[in-house]
Amino acid sequence: MSPAMPHAAWSSPISTTDVARSGLSLGFPTVLGEDLWWEEDRPAEGGRRTVVHRDAEGVLHELLPAPWDARTRVHEYGGRSYAVVPGVGIVFSHHRDQRLYLAAAGAEPRPLTPEPDRACALRYADLLVHEGPDGPELWCVRERHHDDGRVGRSIISLPLADHLPAVENDRSGFVDHPGSTDRPGRSSRTEPRRSDGTGPLSSGPHAPGTPEPPAAAEGIVERVSGNDFYAFPTLSPDGRHLAYICWDHPAMPWTGTELRVTRISNGHTVTIAGGADESVLAPCWRDDHTLYFVSDRSGWWNLYQAGLLDGSRRALHPADEEFAGPLWQLGGRPYQPLGDGRLAVLHGRGDLRLGLLDPAAGTPSDVEVPYSGWIPALAGDGRTVAGIAYGPHLPRAVVRIDGGSGRMELLCGDTAELPDPAYLPTPRAVEIESGHGRPVHGFLYPPSGPGVSGAAAAPYVVFVHGGPTGHATTELSLEKAFFTSRGIGVLDLNYGGSTGYGRAYRERLRGQWGVTDVEDAVAAARWLAAERLADAARIAIRGGSAGGWTVMASCCASDVFAGGVSIAGVSALAPLAAATHDFESRYMDWLVGPETLYGSREPLARAGEIDCPMLLMQGLADPVVPPAQSEAFADALSARGVPCTYLAFEGESHGFRRQETKATALAAELSFYLQIFSGGAA
């Protein structure tokens, strides 16, 4: 062990470029037999997203070359942007115009939906491909933006048969949705190929002599409408019933939703579960008359089974654990049925682990894997389950599990070279006592590096996640390692209101945004000092979006922080409620309450109480938290002479996607900490 060195002066091999290149964003897998598909970001190409196909031979094919960008803007947070048409290709939402396109083997993507009068006025998400009586159909949630500012949503269907090119193989591999179970006589061999039977999808032109596709939008049928929001369109195996989740303003999907079933032939609809104080998610058909779903009616998101004919409902495994996460993005399913009647489930507190649940016995058995958590978006075909797994020292990866043997296969992971494991911190779950004796959860990442130790108590940064109905996990983060390997510790805080710890924990934030989260952040800083983990004079706080709000509000309310970093943070409530997108436009009703409370909570109104340096960063194309939020707070601090740096990035939205932006922002953040921890101003 070398002599003790001052913290924040340790030498680290992890550069800003390493961090910007790392964290391969993998999402929303689909599995059919030996073939898998998933979404994958390209930070070096402006942050565009493509769809990757891994064929039965293990060869990877990028299905959408530049400039195609598979992203949906429904709810502005998007979600699953594609669906597989077995034996043909994929349907996907293109980010630039939000239209749906069919990318068939060997052909340029063709539009399926109309070009609206205004750019991006029609958007689509939660895509489902179903084999109907007249051929394949696409079902999805459609979001319509009207000229007068109103936003409406519905569930629609669109026949695909007339849009599909002739292919050598038939569609015998068709399944209704990623959660479908096996059916006798159906093959799952679904490798997309050209009409000559070779090769992956391409971006080339139409083959000479191919007939023109039918007019876009031909045959679109609006199946369900009338509610403000819809999610999880799910067809019964016989195609006669549509199950879905719906809710209305001012509810959010984690406060109150309903599970409904509509008979396709006559529109007759029944409500199966849910209400104003029950969050129901992720319906899945066991058979034509029985549904599985997730509900928090017990105080935890647990799995239930409901019978359509007898009205029965029972919990499959009552437990003080979560079997789902918050519905910020559409299209992810936290469990999948297997052909033998069991369910592959994700469950736990904080991180979710993978288990196999027998609905009859009601007891899950965890699958032994080297990962600590899973993204709540599983895919399955009855035999195998695929998902995105992670660990504190293992990068995010696409993993396939055999339902019978439990054997795990790593299919794709981040290929970026990781540093010596000695530079990667090992998180420790901690429980802190906040105001009123309430426990608060978090993950502690002490400074770590080979052969070094601190000369004194370390500087620390309290990380505050966004949402605010989100949560921090133990997923490998080179961003955290960038700081801990330099002698700066991190406490990743799951303040009251975070998901992963039951409904009562989430409800702590109800009407208390700017109170509970701030109390918990301040308590975390004081705990770090009391435990002699941190130097009390060198504790900073950082967060993005709702986390940025907590950063600014905490620096206004207390002097425990040496400085704060806000990324696209909310500083004023009335302008946000007036300008933000429809999905969160009534969120303030639950988070804060009446407008008369805004002034006592919002950082901009309390800017006169802040004296510590601040670093504010913002994407100028942000539709969720408009740039005016950061600009107004920066102006208020500058007018008082409080040190404040404001960095704005052209073309970036809510969260930075471009490699160069990520590197620049991280370098600025490190520079800020080095200045405030050494006693300088930002």
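Up top is the structure.
What comes next is a walk through the structure. (Residues numbered from 1 in each chain as written. Predicted model: local features only at pLDDT ≥ 70, side-chain atom pairs only at ≥ 80, totals over all residues. Heavy atoms only, no water.)

On to the packing of helix 4 (residues 516-530) against helix 5 (residues 546-557), then. The geometry of helix 4 relative to helix 5 is characterised by a closest axis approach of 9 Å and an angle of 70 degrees between their N-to-C directions. Here helix 4 lies roughly perpendicular to helix 5, going by the angle between them. Every pair of crossing elements has a handedness; the one defined by helix 4 and helix 5 is right-handed. Contacts from Asp517, Val518 and Ala521 in helix 4 reach Trp549, Thr550, Ala553, Ser554 and Ala557 in helix 5. Taken together, the residues of the contact of helix 4 with helix 5 sort by class into five nonpolar, two polar and one charged. (Axes fitted to C-alpha atoms, helices over the stretch in contact; angles between N-to-C directions. Helix = DSSP H or I, 4+ residues; strand = E, 2+ residues; numbered from the N terminus. Parallel < 35°, antiparallel > 145°, perpendicular 65-115°, else oblique. Left-handed = near helix turned anticlockwise from the far one by under 90°. Contact = heavy atoms within 4.5 Å. Nonpolar A, V, L, I, M, F, W, Y, C, P; charged D, E, K, R; others polar.)

Glancing now at the pattern of salt bridges. Following the criterion strictly, the structure yields 43 salt bridges and no others. For Arg73, the salt bridge is made with Glu76, and the minimal N-O distance between the two is 3.1 Å. Overall, Glu76 belongs to the buried group, its relative accessible area being 18%. Look at the salt bridges and you will find they share partners, linking Arg73, Glu76, Arg123, Glu143, Arg153 and Asp582 into a network. (Salt bridge = Lys/Arg side-chain N within 4 Å of Asp/Glu carboxyl O. Buried < 20%, exposed > 50% of the residue type's maximum accessible area, 1.4 Å probe, protein only.)

This brings us to the environment of Ala125. Among the secondary structure elements, Ala125 is positioned in strand 9 (residues 122-132). Beyond its immediate stretch of four places on either side in the chain, Ala125 contacts Thr72, Val74, Arg80, Cys140, Val141 and Leu330.

Here we take up the sheet that holds strand 3 (residues 48-54). With antiparallel pairing, four strands are arranged side by side in an open sheet as 1-2-3-4. Each edge of the open sheet is held by one strand with a lone partner, namely strand 1 (26-32) and strand 4 (60-62). Here the average twist between neighbouring strands, direction ignored, is 25 degrees. Across five bridges, the pairing between strand 1 and strand 2 (residues 35-42) is antiparallel. By the bridge assignment for strand 2, Thr30 is matched with Trp37. (Pairing = 2+ DSSP bridges.)

Here the focus is the packing of aromatic side chains. In this structure the tally under the stated criterion is 22 aromatic pairs. Here Phe672 and Tyr673 contribute two aromatic rings whose centre-to-centre distance is 5.9 Å and whose plane-to-plane angle is 65 degrees, an arrangement assigned as edge-to-face. Exposure remark for Tyr673: the relative accessible area of 0% places this residue in the buried category. Ring-pair connections join several aromatic residues into one group, and the members of that group are Tyr77, Phe229, Trp247, Trp254, Trp328, Phe583 and Tyr587. (Phe/Tyr/Trp six-rings, centres within 6.5 Å; stacked < 30°, edge-to-face > 60°.)

The linkage connecting His249 with the following residue, Pro250, adopts the cis geometry, with an omega of 5 degrees. Looking at the secondary structure, you find Pro250 in the loop between strand 14 (241-247) and strand 15 (258-263). We note that Phe232 has phi near 55 degrees; this positive angle belongs to a residue other than glycine. With respect to the helices, strands and loops of the structure, Phe232 is situated in strand 13 (residues 229-235). Given the relative accessible area of 2%, Phe232 is considered buried.

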